[in-house]
Each structure stands twice: as C-alpha cells, then as structure tokens.
Amino acid sequence: MSNEMQESWSGTARRFRIFATRATRLTCAILAIAAAVGQSTPASPPSEARFGDILSYIHTGWDSLTRSTTSCGGISDPKLSAPPVLYLPAGFSEPDDVKRMQQQCAVRVSTLRTVTHSGASSNLDEIQPAGLLYLPNKYVVPGGRFNEMYGWDSYFIIRGLLRDERVDLARGMVENFFFEIEHYGAVLNANRTYYLTRSQPPFLSSMVMAIREAEKKAGRNDRAWLDRAYGYVKRDHDMWIQGRHLAGNSGLSRYYDFGEGPAMEALQDNNDI
C-alpha cells in the first residue's frame, strides 16, 4: 500500500474512532437519563385487562386505516384540493366495481397512456389533474391523512397484519405491488400519478417471504403463488441494479427519481402533519 493510501486510510480510521467515541458518549448519556427516569417512575406491566384492550384497539384499527380505490371515501385526497380522479392503467378495461363507484360518488375515471418507471417528467405533466392510481385489492395506509398505499411503509404494516392473523389483507397488498409492477412499471413510492417516477427502498422480497411463512404456519402451501411472486421480485430487483439506480462503479444501488420537483402534496399547507 502506498504512503498516500496509508495516510488516507489512517485519516478515515481516525474519523471513525472520533465518531464512535462521540456516539458512545451520547449513548451513555441517554442510558443514564433513561435509568434515572426509570428509578423515579418505575414501570409496571399492564394488567391483563389493559393488555386485552390494547390488542383489541390494534385489531380494530386496521379497518379504520383500510382503503380501496373502488370506494368513494378511498378516492379523495385530503392533502389536495382538486376534485378526485381515478386513473386506470393503459389498455386496462374498467372493472365493474369501478363502474359502480362512479354511479355512487362524483369521481372521474380516466385511463393513462403507456407510462413506465423510467419515464421522463414530461410524462407526468400530461397527467392532469393528478389522481389516485387504481389497485385491485384493499390496502392499509400508514396514517389517517393518507389514502394511498406506500412502498416501504407497507412492509411494516404487513408484518403487523400477519402478527394479527390478517393474512388475506396482507397478501392482497402484496398482490397490489405485483399489479403495480405489471401495469405501472415498478413498485411505486405510492399509487398516485405524481409518484410514477420513483420507487422506495426494495422490500418486496421480504414481504413475499413474510406471507409465505404465515401461510405455511396456517397450513397453506401455495407454491404456484410463490412461483409467480418470484417473477415480480426479480423484476423489482433488476430495476435497482441498472441504469441511473447504480451509484457509479461502486457496486451499490441508490434512490433515484426520474421526475423533477417535489410531489404535489408537498406544495400544499402541511401544518396538519
């Protein structure tokens, strides 16, 4: 190793040691504070009745956070002031439940042109007004102000659903991601038109395996579903190891948005967050 490289590595190691020392001091301070708080207010385990109340709250909470692109309440976007529009994939026939929804509420249904994940921002400029993208199954959102299904948030939601034995709802969300790959080009940041240009950290393979383990535990062995899932997982993985998702010659992948500018909701007043 040359003297220059040795000096470079030595400098890097020194910076890591400094960082580690600071991190250790911070951790010790946090632990000391936590210990002091714990001594002054000793925690007691919840009673069995209280624990049951918590589990009941979690169990019923899934339903209050469940949305559908075929229900009136699931189409509107509380973060935007524009009238709701539901977009179907290019070349996709309008489902019967979408037709019924149009009869029940004031929602306009439109069809996208061919849109892929690698599309330029000009493609999004043609989609006016912005709207929700159709998904075939119900899904759980990360909070009450959201009506769209998010990418990596859904992994943690699915883990919770499986723990609460809501396997069918969790599997339906994974099927929605398969639908996104098939019809929108990728697992999207979320199923809104202004998210067509970007994804989120890839958790699809972990979602699939979580569903697989839960179904095996329940005595179900749907190998055909697993085989079909593999094709979508591979397509999702391939997207992250080519083109502008590659971080130069580092061998690493990176987040990349093929569009420009912030999401439309970021331009609104977000004081309610």
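Above: the structure in question.
Attention here is on the structure that accompanies the text. (Residues numbered from 1 in each chain as written. Predicted model: local features only at pLDDT ≥ 70, side-chain atom pairs only at ≥ 80, totals over all residues. Heavy atoms only, no water.)

### Re the sheet that holds strand β4 (residues 132-133)
If you walk across this open sheet you meet the three strands as β3-β2-β4, and the pairing is parallel. The open sheet has two free edges, formed respectively by β3 (108-111) and β4, since each of these has just one partner strand. Bridge count between strand β2 (residues 85-88) and β3: four bridges; the pairing is parallel. What sits directly across from Leu88, in β3, is Thr111. (Pairing = 2+ DSSP bridges. Helix = DSSP H or I, 4+ residues; strand = E, 2+ residues; numbered from the N terminus.)

### Description of the pattern of salt bridges
According to the stated counting rule, one finds ten salt bridges in the structure shown. For Glu148, the salt bridge goes to Arg192, with nearest N and O atoms at 2.7 Å. Separated by 44 residues along the polypeptide, Glu148 in the loop between β5 (139-140) and α6 (151-163) and Arg192 in the loop between α7 (167-184) and α8 (204-217) bring together distant segments of the chain. Exposure remark for Arg192: the relative accessible area of 2% places this residue in the buried category. Salt bridges here are not isolated pairs; linked through shared partners, they connect Asp168, Arg171, Glu215, Arg220 and Asp222. (Salt bridge = Lys/Arg side-chain N within 4 Å of Asp/Glu carboxyl O. Buried < 20%, exposed > 50% of the residue type's maximum accessible area, 1.4 Å probe, protein only.)

### Focus on unusual backbone geometry
Omega for the bond connecting Gln128 with Pro129 falls within 30 degrees of zero, at -5°, which places this linkage in the cis form. As for its placement among the helices and strands, Pro129 is situated in the loop between α5 (121-125) and β4. Of note in this structure, Glu165 is not a glycine but carries a positive phi near 60°. Tracing the chain through its elements places Glu165 in the loop between α6 and α7. Relative accessible area serves as the criterion here: at 70%, Glu165 is assigned to the exposed category.

### Description of the side chain of Ser154
By the secondary structure assignment, Ser154 is in helix α6. Once you skip the residues sitting within four places of it in the chain, Ser154 turns out to touch Met149, Met173, Phe177 and Met207. (Contact = heavy atoms within 4.5 Å.)

### So, the pairing of β2
Both faces of β2 are covered, namely the face carrying Val85 and Tyr87 and the face carrying Leu86 and Leu88. Alignment of β2 against β4, held across two bridges, turns out to be parallel. Residue Leu86 lies in a different strand from β4, and its bridge partner there is Leu132.

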